[in-house]
Every structure is written in structure tokens, then in C-alpha cells.
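# Fold and geometry: a report
The lines below spell out each chain.
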Amino acid sequence: MNKQEIIDILSNNSKNNWLFNKANQIRHNFVGDEIHLRALIEFSNVCKRQCYYCGLQSTNKEIERYRLKKEDILFYSKKAIKLGYKTIVLQSGEDDYFSSDKLCEIIREIKKNDVALTLSIGEKSFEEYKEYKKAGADRYLLRIETTDEKLYQKMHPNADFKNRINCLENLKTLGYEVGSGCLVGLPEQTINSLADDILFFKEIDADMIGIGPFIPHPQTPLKNSSSGDFWLALKVMALTRIELPNINIPATTAMETIHPNGRIIALNSGANVIMPNVVSFDCQKKYEIYPNKANSTNAEQYKTELEKRINEIRRFISKDKGFRKK
Ligand code: 5AD
């Protein structure tokens, strides 16, 4: 599709079942009916950044900060592996306590198992990305958040849009599978820039794209802004599937948080990945990037229920690591 066609679809207020069905069909044809589960380990909510939308931003003094110990991280990853997960995702705020050495030790330990490992820990130097890769990391998630440079600079004080692009390029160069994505519904974000976001994902040939609606957090500068629209976020996701037919696209937690059936709707509109949380309920609650984040109380029970819901829509859980099928 060209940019105007994307804009036309995004501008139309209807739910656009045609688009969602089309994306679902393309998902079926290119990546099949299997759903890849990624075990998410949120290992630190300490963050030096000040992203205006995020509850973990450093000026939020009300949040109780935590850092998991290496042993705890390994405990959760073992637990996930036992439950059958084939990918471990280590996610945190930008927390300098976790030096390259500390992280590489953890990566090497997890990679002794037959699993893929994804990092989602923010902007680092080329050298650091190189070290994680050498230690065994396979994939990296770094959302661009928005390709509207002006809006990006507004939303991220003390950060640099160009550096974020640079990080994504470095990750590609180093041979990671690269994930990116955007928020939908940031204040002042335009349909035009959402179309640019989709074209950007294509331009960088992203391997994974996560898209979710913006949800205002009470302890951030955007506390009085309104939430992003679920259907608009779903359209951006469906269009991304159409433009990048063979990539991995998660049904994001933010989708599930603002719509009671959000995850299933997303799985039927182009998504093929779910990222269940495997850390303790207490940590999940403290990892509050936005309020009312959909959580799981018990990892075992949660996985059983998930499998049931996946089977109900005639899909099944993949038994492999779920790399991009090029
Ligand atoms: N609403 C929705 N998504 C958010 N994220 C951060 N804060 C919010 C929010 N308030 C998303 C960002 C980030 C990802 C881990 O969570 O896109 O990249």
C-alpha cells in the first residue's frame, strides 16, 4: 500500500472488519496458525529515562523500585523453560546497575538451555550490544515509539531520536532479530505520522513489531491525556501485518488492558505472538508502565488457561523458538 492508502484506512472511523480479516488471512498464509509464547521477565523497574508516558520514568517518586537478583532471574527463566517456553525475554527500565558483565553472565547462563533469548533493556552502545550478542542474545526489542521526530523529542526529554534510530541500525548490523513498534494515541500524534510508522517498520525490515494503545499513567506528565483508541491501534497492527507478512507480531498487553477481549481480537487480526509474564505478581504490579496492566497471578495456571483460549480460536502453541520465517 502507498502512504495515502494507509492514511485513508486509518482515517476512517469504522471498525473495518475487512482489514482485520485480510490481516488474519495473511497471517495464516505466511506464518501459519501457531502462536509463539515468549516468557517475559521484568527484572528491574529502575529507569534513568523520563519518557512522558511511562510510569517507570525516573521522576515518579511514588513507585516502589525493585531489582531482581541474578538467582531470581535464573529461577524464573528455569520455571518458564519447565513450562515449555522456547523464548525468554529479559525486560527492564534503563538501569545502569546491570552492567554488561552482569547481564552477559545471566545471558550465558540462560543460553545453556535450548531457548531463544530476547533483550528489551533500552538504548545501549554498539559495544554493549555486541557483548550481549556474543554472550548468546538472539533478539532485541526497541520500539521507536513514534517516527514523528518532533513528537519524539517532546515525549523523551534528554533523549535523542537519532540515537534511537542508530541503536536499531546497530542491532541489525550485529545480527539480532530486531523488534520495534509504536504507541498509538500519544497526544498530538497524527494519522499521517502513524502511516509513517508503518512505512518505517517496512523500511528497516523489522523482524517483530509490537503495537499498543497509549494508556495514561497518573504519575506522569501525561496523566490528564486521554487513552489511545483500541480500534485505531488494531488497524495499525493489521496494516503492519499486511505490509510485513512474515514477521512476528504480539497481541500486546496494552491491547488486552484497554479492551476485555483485546488479545483474542488482536490474534484474529494479524497477531501471532503472546508474551506472558512469569515473574511474581508483586513484581508485575510494581512494573507499572501504565495502570491496570493485565497481569497473571499464577504462571502455571495462566499457561493452561491461555492454551485453552488459543485452542478455542483453532490455533495452537508452537513448539519451536519462533524465529522470523523468511
Ligand atoms: N501506555 C502504553 N504503552 C506504554 N509503554 C510505556 N508506557 C506506556 C503507556 N503509558 C510501552 C512503550 C514501551 C513498552 C515497553 O511499553 O511503547 O516501549
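Look up a bit, the structure's there.
Not measured: the values here are computed from a predicted model.

Thresholds, definitions, all that
Residues numbered from 1 in each chain as written. Predicted model: local features only at pLDDT ≥ 70, side-chain atom pairs only at ≥ 80, totals over all residues. Heavy atoms only, no water. Helix = DSSP H or I, 4+ residues; strand = E, 2+ residues; numbered from the N terminus. Contact = heavy atoms within 4.5 Å. Polar contact = N/O pair within 3.5 Å; in protein donor to acceptor, adjacent residues only side chain to side chain. Pairing = 2+ DSSP bridges. Near = heavy atom within 4 Å.

Let us now look at the environment of Tyr-66. One can find Tyr-66 in the loop between strand E2 (39-44) and helix H3 (70-82). For the pair formed by Tyr-66 and Asn-261, sequence separation is 195 residues and the distance between their alpha carbons is 31 Å. Apart from residues lying up to four places away in sequence, Tyr-66 is in contact with Glu-42, Phe-43, Ser-44, Asn-45, Val-46, Cys-283, Lys-286 and Tyr-287. At a separation of 2.7 Å, a polar atom in the side chain of Tyr-66 contacts the main-chain carbonyl oxygen of Glu-42.

This part is about the sheet that holds strand E1 (residues 34-37). Taken together, the 3 strands give an open sheet; going across it, the order is E8-E1-E9, and neighbouring strands pair in parallel fashion. The sheet terminates laterally at strand E8 (273-274) and strand E9 (316-317), the two strands that pair on one side only. Pairing between E1 and E8: 2 bridges, direction parallel. Across the sheet, residue His-36 finds its bridge partner in E8, namely Val-273.

Around the ligand, a shell composed of Tyr-53, Cys-54, Gln-91, Arg-143, Glu-145, Leu-183, Pro-213, Phe-214, Ile-215, Ile-289 and Tyr-290 is seen. A distance of 2.8 Å separates an oxygen atom of the ligand from a polar side-chain atom of Arg-143.

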